[in-house]
Amino acid sequence: MGPDPQYVGKLHSNSDKGDGSVKYILTGEGAGTIFIIDDTTGDIHSTKSLDREQKTHYVLHAQAIDRRTNKPLEPESEFIIKVQDINDNAPKFTDGPYIVTVPEMSDMGVIRTALHNMDREAREHYSVVIQAKDMAGQVGGLSGSTTVNITLTDVNDNPPRFPQSILHLYVPESAQVGSAVGKIKANDADTGSNADMTYSIVNGDGIGIFSISTDKETREGILSLKKPLNYEKKKSYTLNIEGANTHLDFRFSHLGPFKDATMLKIIVGDVDEPPLFSMPSYIMEVYENAKIGTVVGTVLAQDPDSANSLVRYFIDYNGEGDRFFNIDAHTGTIKTTQVLDREETPWYNITVAASEKDNPGLLSHVTVGIRVLDVNDNPPELAREYDIVVCENSKPGQVIHTISATDKDDFANGPRFNFFLDEHLSINPNFTLKDNEDNTASILTRRRRFSRTIQDVYYLPIMISDGGIPSLTSSSTLTIRVCACERDGRVRTCRAEAFLSSAGLSTGALIAILLCVVILLAIVVLFITLRRSKKEPLIISEEDVRENVVTYDDEGGGEEDTEAFDITALRNPSAAEELKYRRDIRPEVKLTPRHQTLSTLESIDVQEFIKQRLAEADLDPSVPPYDSLQTYAYEGQRSEAGSVSSLDSATTQSDQDYHYLGDWGPEFKKLAELYGEIESERTT
C-alpha cells in the first residue's frame, strides 16, 4: 500500500564482482509495468498494489549479461512471484439495493413490520439498511451492507369524500338537452381500483331534469340535462348526489360506509330566447280554385322571456311551393297568392319563421302543412280507349263489352259514375247502354245479325256523370266494329269481304275465272273479226281462171251467228226491266225478292224457269259474269219423292242437327255458320 514501490526480492549472479559490469534483465508477466528491476544491483520492486482476487501469481524470467559485450553470463532462469491473501474484501450484497412491496396493515413476512397497522396514506416508502460481516463479526473482519426499499401497496381502507357539503352550479336556460352542464368529484385517498366510484342522484327537485354519469378515467361525475330549462318558470334546482366505491374490501368494512353525499344547488341563468310557437307544427286546409287572398290560417308565436317583445313573422322561401302563399308580418295570417289546383299539387309544406322586434337575430321556425281540398272541377272520362267488337251472328240483348270511367277529382267528387245515352238523340236501333251501378256499364245489342258488307263500323255516343255536387257530365263516342266470329264467339276477321269470298271462292279461283273470261272475250273478238273478213265479196280476177272452186267454211245459223237472229229475243222482257245490284258492293236498299210463289212455280216447267234465270243474269250490266254462281231453288214437280234440295229446308221443320259441320274444317265454316243461324232462329 502507499505511493512508494514495494521491495519484492533480489537477483544475483556469481559472476557479479560488484564492479557494475553485470547487467540484470527481467522479462515475463508484469515485467516493466508491475515489476521493475535495478539492472546493476538486481533488486526487484512492485510499482502497483497487487490483488490476489484478480491474479494469484506471476511468472518471470531473469538473465545476467555482460554490460560491455551484451553476452549472457548465465543461462536464463524462471521464477514465480506468488501473491499472498490478506483480508482486504468486505462482504457484498450482489443484488442490492432491494425493492420490496408490502401491503399496508400486514403483520407477516421475513422482514417484519415494526409498527402495527402501517398506513400507506401516511407513508408509502421505507428504506432499510442491512449489514453483513465476515469472520463471524470478529475484530479485524470486514463487513458489507445493502439497502432494502419497501413500498406499501394500497388497500381500500378509505371512503370517498366530497370537498364540500354544499356545491353550487350555474346552468344557462339555453343549454341543450343531452349536453353536459357541469362536473362534480369526490376525493379518495386510495389509488387504482380502490379509488373507483360511481355517482348517483339520491333525491331533489331536479331529479327528473338532470342525470349524472361517471367518467372512469378522471373519476368525475358528469351532470347532463334531460329536459329543457326555463328561467321564467323555475330559477333553481337542488340535487343530493352520492359517490360510492365500487370495489369494497370487507376486511375494512368496520372503517365505515365507503360512500359520501353532497348537496348540489343549480342556478338557472336567464338567456334571451327566440319566439316560441304555440304548436310544434300546423296543419291548414284551403279549397282549390279559391280566390287570390283567401285566408288559409294563422300561426302564433310569443317571446318566452319576461320582456315579452313584439314578434314578426315571415315565410322562409326555400321552395317553389312557398310562392303560392304569403303571411302578415304582424298577425301571422297566411293567405294565398295564386289560384291552387288540387289535381296538380294536393299538398304544400312551407316554413314560417318568427323573430323578436328588438332582436331580429333570434329566429324560431315552424312547419306549416297546407292541404288543398277538392272541388268538383273535372268531369269523368273513359278509363281508356276501347276496341269494341260485335259479331255478325250476335243476338238481341247480348253484352259485347263492359266500359269503366275515371275522374281526376277525389272519391267525394268522383265515383259513383252514371252511364246513359244522350236523351236528345233518337233511339239507337243497333245498340243500347246498361249502367251496372258499380262504376261500369255494358254495351248490348238491340237487333239480330250484323253484316260487314252492309256496314262494318258503328258509332255510339254515351254520357258519363260523376257523383260530385254539383255533378259534372262528359260525352264520349264508342267505336264498334263488325267482325266475323266463330261459334264460340272468337273473332275470325273484321275486314269486309267480297260476295264471291263469302260464297266459298278463294282468291286463286277468282283469278282463274277472270282469266277464262278474258280468254273467251279474246276468242269472240277474233271470231267476229274473221266473220267480217269473210263477208267481203269474192272477186275473181279475169286473168286468173285456173281455179274455179270456191270453199265456204261458214256453217251458218246457230247462237253464234249474231246476224241471223236477235239474241235479245230469247231474253225475258220483264226480267230486263228489273233493277239489278252488284253483289260485291254494299247496297243502300234491300234487293227485291226474286223467288216466286209455289203456285207460280208449279205452273211452269223447269226449262222455262231456267231460261228466265239465265235472262236475268245476262241482262245485268253492272257485274262480272256471275251467271255460273246463280242459285236455283226449284227442281221441278215430277219427282215422286219431292224436293231433296237443302236450300228449301229452311221453310220446313227438321230434326237434323248441323253442329257436325263445324268439325269439317275451314272449307265448311260458312256453311256451318249459315245452318247454325237457321237453327238458332228456329229455336227462338
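None of these values were measured; they are calculated from a predicted model. (Residues numbered from 1 in each chain as written. Predicted model: local features only at pLDDT ≥ 70, side-chain atom pairs only at ≥ 80, totals over all residues. Heavy atoms only, no water.)

Ranked by internal contacts, the top residues of the largest apolar core, which has 24 residues, are Phe277, Val299, Phe325, Ile334, Val352, Val368 and Ile370. Looking at this core, the elements with two or more residues in it are strand S18 (281-287), strand S21 (311-315), strand S22 (325-327), strand S24 (347-356) and strand S25 (363-373). Discounting residues that sit within four places of it in the chain, Ile370 has contacts with Met284, Val286, Val296, Phe325, Pro346, Trp347, Tyr348 and Ile350. Of all hydrophobic cores here, the second largest spans 23 residues; its members include Met197, Tyr199, Phe210 and Ile212. (Core = buried A, V, L, I, M, F, W, Y, C linked by side-chain atoms within 4.5 Å. Buried < 20%, exposed > 50% of the residue type's maximum accessible area, 1.4 Å probe, protein only. Helix = DSSP H or I, 4+ residues; strand = E, 2+ residues; numbered from the N terminus. Contact = heavy atoms within 4.5 Å.)

One pass over the full model with this rule turns up 13 salt bridges. Note that Glu285 and Arg371 form a salt bridge whose closest N and O atoms lie 2.6 Å from each other. Taken as a pair, Glu285 in strand S18 and Arg371 in strand S25 lie far apart in primary sequence, 86 residues in all. On the basis of relative accessibility, which here comes to 42%, the residue Glu285 falls in the partly exposed class. You can call Arg371 partly exposed: its relative accessible area is 31%. Beyond isolated ion pairs, a larger network of salt bridges with shared partners links Arg342, Glu343 and Asp374. (Salt bridge = Lys/Arg side-chain N within 4 Å of Asp/Glu carboxyl O.)

Taken in spatial order, the 3 strands make up an open sheet running S2-S5-S6, and their pairing is antiparallel. With one partner strand each, in any of the chains shown, strand S2 (22-28) and strand S6 (77-82) form the two edges of the open sheet. If you compare each strand with its neighbour and ignore which way they point, the axes differ by 30° on average. By the bridge criterion, 6 bridges tie strand S5 (residues 57-66) to S6 in an arrangement that is antiparallel. Residue pairing in the sheet places Leu60 in a bridge with Phe79 of S6. (Pairing = 2+ DSSP bridges. Axes fitted to C-alpha atoms, helices over the stretch in contact; angles between N-to-C directions.)

Another point: the UniProt feature "transmembrane region" (unreviewed entry) in the protein. If you check UniProt for "transmembrane region" (unreviewed entry), the listed places come out as residues 509-530 in our numbering. Summarising residues 509-530: 100% helix, 0% strand, and an end-to-end C-alpha distance of 32 Å. (UniProt positions renumbered as here; feature names shortened; annotations may be inferred.)

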